[in-house]
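Spelled out from the first residue to the last, the chains are:
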Amino acid sequence: MKVLAVTDVEKIELQEIDIPKPKNHEVLIKVAYVGVCGSDLPRYFEGGVHQFPQVLGHEFSGVVEKVGEQTKLKIGDRVTVAPLVPCNNCEQCKTGRPQLCTNYSFIGSRQQGAMAEYVVVPEENCLVVPNNLDLKIAATIEPLTVAIHGVERVRTKAGNRVLVLGAGTIGLMTVLSLRARGVGEITVVDLNDQKLAVAKSIGADITINPTKEDIDKYFSENQLAEIVFETAGSPITQVQAIKYADRQGKVIFVGTCTKPVTFTPEEFELILRRELEITGSWMSYSSPFPGFEWHAALRYLSQGDIDTNKLITGIYSLEDKELPFIKMNESNSKEIKVLYEVGGEL
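Report on the accompanying structure. Predicted, not measured: the structure shown is a model, and the values here were computed from it.

**Concerning the overall build of the protein**
Thought 1: Within the protein, the secondary structure is distributed over 11 helices and 18 strands.
Thought 2: For the protein, the C-alpha radius of gyration of 20 Å lies close to 20 Å, the compact-globule estimate for 346 residues.
Thought 3: When the backbone C-alpha atoms are referred to their principal axes, the protein occupies close to 60 × 40 × 35 Å.
Thought 4: Going through the 346 residues of the protein one by one, you find that 55% of them count as buried.
Thought 5: Taking as baseline every contact in the protein between residues at least 6 positions apart, the subset at least 24 positions apart corresponds to 70%.
Thought 6: Surface exposure of the protein reaches about 15500 Å², of which carbon and sulfur atoms provide 47%.

Given below as structure tokens:
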């Protein structure tokens, strides 16, 4: 079978390897579509993988091709796959917190991913996709579950004023999840006008580009947010998340930051003076595994409460190799969610 394997820094090769065989409680998936995640970019551009070669790809859908022993799934089942492989033995797993597993594996980073014609996965990671849902859309479920997990980290009320910092994939998925949840006014902040336009088209009420508008002045003249989601992973927006939260507001940090975050004493004191509720959000799982987030995402998409079509900005083939990575990494890139079409709708 064909696979895309990262073999060195900024080197990805189309290779031929043997089709893997499923063991007990495992299934072989014929991949339909697989997304490129923002977390895949450093794996390619910086060699940030656990080993070479590494087949990436953890956002995917497909069809069951073969089953191992002691499985309930059937050949021909259409599925989407949760990529976390928890150990099921550590304290976190045993107490119903698989997202905090201390000895996990992960499809597409610690074991073979789905940028391939076939991939073997544990049966418990598979969710059957309803017949009315395209496999292309089913491949966008994983980032949607990340957003849902973040939204559910705090209690929301109908009519809440919400601020989303960052209009990348997770920021936009957060907007979709918040709109489906029934909050009130949603403000989105980003530096990319095209992504802000998408945010507006999927439910944001107000969009702000800080390079064109004084964001401090805006919030000094308007109401602060009751709930703030930081999804950009920038040291700037991580400070802004505190600054623009209202008294007894809630701040959810979703974005992963790779640089030091610096608060002035006055900025940090806002946590105390405003009695802010602050939490982090990690991945997208709960108990029973893979979690309510995954079932909610399937329901939202199949019932039309959420539509991720507008977030899909490019579809490539495995033969395009690194091209989608390069497109996503361009300055002021228009790309939001790009997919490799492997087997298509099968």
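**Some words on the sheet that holds strand S13 (residues 206-208)**
For sheets, the rule is that strands pair by backbone hydrogen bonds, running either parallel or antiparallel.
Thought 1: With respect to topology, 6 strands assemble into an open sheet ordered S13-S12-S11-S14-S15-S16, the strand pairing being parallel. Looking at the sheet topology across the chains shown, the edges are occupied by S13 and strand S16 (277-280). On average, each strand axis in the sheet is tilted by 15 degrees relative to the strand beside it, whichever way the strands run.
Thought 2: Across 4 bridges, strand S15 (residues 245-253) lies against S16 in parallel orientation. Considered in S16, the bridge of Ile252 is made with Thr279.

**Re the pairing of strand S5 (residues 59-67)**
Thought 1: Bridge count for strand S3 (residues 26-36) against S5 is 8 bridges, and the pairing is antiparallel. The residue of S5 that forms the bridge with Val27 is Val67.

**What about the pattern of salt bridges?**
Thought 1: Taken as a whole and assessed by the stated rule, the structure comprises 12 salt bridges.
Thought 2: A salt bridge links Asp246 to Arg161, with the nearest nitrogen and oxygen atoms 3.0 Å apart. Residue Asp246 is found in strand S15, and its partner Arg161 is found in the loop between helix H4 (141-151) and strand S11 (162-165); the two are separated by 85 residues along the sequence. Both residues of the pair, Asp246 and Arg161, count as buried.
Thought 3: In this structure, Lys243 and Asp216 form a salt bridge, with 3.1 Å as the shortest nitrogen-oxygen distance. Placement of the pair is Lys243 in helix H8 (residues 235-243) and Asp216 in helix H7 (residues 215-221), with a sequence separation of 27 residues.

**Focus: the packing of H4 against helix H10 (residues 292-302)**
Thought 1: With their axes 9 Å apart at the nearest point, H4 and H10 run at an angle of 115 degrees to one another. Seen along the crossing, H4 lies across H10 with a hand that is right-handed. Every residue of H10 that contacts H4 at Ile141, Glu142, Leu144, Thr145, Ile148 and His149 is listed here: Phe292, Glu293, Trp294, Ala296, Ala297, Leu298, Tyr300 and Leu301.
Thought 2: Here the residues of the contact of H4 with H10 are counted per class, giving 10 nonpolar, 2 polar and 2 charged.

**Observations concerning the nonpolar core**
Thought 1: Among the nonpolar cores identified, the biggest contains 54 residues, and Val164, Leu172, Leu178, Val188, Phe229, Tyr285 and Leu311 are the most heavily contacted of them.
Thought 2: Setting aside residues no more than four positions away along its own chain, Phe229 makes contact with Gly150, Val151, Val162, Leu163, Val164, Leu165, Thr174, Leu178 and Ile252.
Thought 3: The next biggest cluster of nonpolar side chains, apart from the first, holds 39 residues, and it includes Met1, Ile12, Val27 and Leu73.

**A closer look at the packing of H8 against helix H9 (residues 265-273)**
Thought 1: Where H8 meets H9, the axes come as close as 9 Å, and the angle between the chain directions of the two elements is 45 degrees. Considering their axes alone, H8 and H9 lie oblique with respect to each other. Considering the relative orientation of H8 and H9, their crossing is left-handed. Listed contacts from H9 to Val239, Ile242 and Lys243 of H8 are Glu267, Leu270 and Ile271.
Thought 2: Tallied by class, the residues present in the contact of H8 with H9 amount to 4 nonpolar, no polar and 2 charged.

**Some remarks on unusual backbone geometry**
Thought 1: In this model, Phe52 is joined to Pro53 through a cis peptide bond whose omega is -10 degrees.
Thought 2: For Pro53, the position within the fold is in the loop between helix H1 (40-45) and strand S4 (54-55).
Thought 3: Residue Pro288 is reached from Ser287 by a cis peptide bond, and omega for that bond is 0 degrees.
Thought 4: Not every positive phi belongs to a glycine, and Asn88 is a case in point at roughly 65 degrees.
Thought 5: With respect to the helices and strands, Asn88 occurs in the loop between strand S7 (84-85) and helix H2 (91-94).
Thought 6: Even without being a glycine, Asn332 presents a positive backbone phi close to 55 degrees.

About the criteria used
- Residues numbered from 1 in each chain as written.
- Predicted model: local features only at pLDDT ≥ 70, side-chain atom pairs only at ≥ 80, totals over all residues.
- Heavy atoms only, no water.
- Helix = DSSP H or I, 4+ residues; strand = E, 2+ residues; numbered from the N terminus.
- Rg over C-alpha atoms; globule rule 2.2 N^0.38 Å.
- Buried < 20%, exposed > 50% of the residue type's maximum accessible area, 1.4 Å probe, protein only.
- Contact = heavy atoms within 4.5 Å.
- Areas by Shrake-Rupley, 256 points an atom, 1.4 Å probe, with all protein chains shown as cover.
- Pairing = 2+ DSSP bridges.
- Axes fitted to C-alpha atoms, helices over the stretch in contact; angles between N-to-C directions.
- Salt bridge = Lys/Arg side-chain N within 4 Å of Asp/Glu carboxyl O.
- Left-handed = near helix turned anticlockwise from the far one by under 90°.
- Nonpolar A, V, L, I, M, F, W, Y, C, P; charged D, E, K, R; others polar.
- Core = buried A, V, L, I, M, F, W, Y, C linked by side-chain atoms within 4.5 Å.
- Parallel < 35°, antiparallel > 145°, perpendicular 65-115°, else oblique.

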